[in-house]
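Chain by chain, the residues:
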Amino acid sequence: TSFMALKGERTLAMIKPDGIYGNFTDRIKQVILENGFFIVQELMVQLVVENATLFYSEHSAKSFFPNLVEYMTSGPVLAMVIEKTNGISEWRALIGPTDAGKARVSHPHSIRAMCGSSAQRNCVHGSDSALAAAREILFFFGDISAGAGAAAAAAVEL
Ligand code: RTP
Ligand code: MG
């Protein structure tokens, strides 16, 4: 069976372990929905080292990488495919800067200002490009293109 696609652009949003343990899930979803996104699919999983290493492989040479993997495997995460016109950049704008401490100053209404606590523990993730969105959606959900949003149509290489 195939279905007709929604009209927006899909991106991968994720609530990281600190967001889950801090009980921010409902508030984050509320922000997502209030800003006109559809939540297309969601999946709660516990990442293991191999998963986190693959998901963040672009950062494997960075000094913070071992800490990042430890953080991302410290508890469950909630991965969501969310969809809206210009969804990739809109979601990045909503989550705010990487460093939650700085976000609290420069972007006080951002999600990371609300629930993050540091440069590492920043409670949410967002794909940073169409290619990343396609790769990251495939990582968690497999091929759900079934009619295809813009992200799902991009070339994918894992
Ligand atoms: P994300 O990929 O999770 O959406 O975050 P981002 O694009 O804003 O930031 P990125 O540069 O891709 O970094 C990925 C994640 O690594 C952790 N990090 N720790 N200095 C540090 O200790 C440091 N810098 C980055 C964060 O969890 C960041 O979100
Ligand atoms: Mg990133």
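Above this text is the structure in question.
Notes on the structure in this doc start here. A quick note: this is a predicted structure, and the numbers were derived from the prediction, not measured.

Notes on the nonpolar core
When a protein is soluble and globular, its nonpolar side chains tend to lie buried together.
Thought 1: In terms of nonpolar packing, the biggest core is built from 32 residues, with Leu12, Ala13, Ile111 and Val124 touching the most fellow members.
Thought 2: Looking at this core, the elements that each hand over two or more residues are β1 (9-15), α2 (25-34), α4 (65-72), β3 (76-84), α5 (87-95), α6 (100-106), α7 (111-115) and α8 (130-141).
Thought 3: If you tally residues by element for this core, the top one is β3, at 5 residues.
Thought 4: Residues in contact with Ala13, not counting those within four places in the same chain, are Ile32, Met80, Ile82, Trp91, Val124, His125 and Gly126.

Considerations on the site of ligand 1
Thought 1: Around ligand 1, the surrounding shell consists of His59, Phe64, Leu68, Thr98, Ala119, Gln120, Asn122, His125, Gly126 and Asp128.
Thought 2: Partitioned by chemical class, the residues of the shell around ligand 1 number 3 nonpolar, 6 polar and 1 charged.

With respect to the pairing of β1
Thought 1: With respect to burial, β1 is a largely interior element, 7 of its 7 residues being buried.
Thought 2: Where burial is concerned, the two faces of β1 agree: the one with Glu9, Thr11, Ala13 and Ile15 and the one with Arg10, Leu12 and Met14 are both buried.
Thought 3: As paired elements, β1 and β3 share 7 bridges and run antiparallel to each other. Looking across to β3, one finds that Ile15 is bridged to Leu78.
Thought 4: Of the pairings in the sheet, the one linking β1 to strand β4 (residues 124-126) comprises 3 bridges and is antiparallel in character.

Definitions and limits used
Residues numbered from 1 in each chain as written. Chains lettered and ligands numbered in written order. Predicted model: local features only at pLDDT ≥ 70, side-chain atom pairs only at ≥ 80, totals over all residues. Core = buried A, V, L, I, M, F, W, Y, C linked by C-beta atoms within 7 Å. Buried ≥ 20, exposed ≤ 12 C-beta atoms within 10 Å, placed from the backbone. Helix = DSSP H or I, 4+ residues; strand = E, 2+ residues; numbered from the N terminus. Contact = placed C-beta atoms within 7 Å. Near = placed C-beta within 6 Å. Nonpolar A, V, L, I, M, F, W, Y, C, P; charged D, E, K, R; others polar. Pairing = 2+ DSSP bridges.

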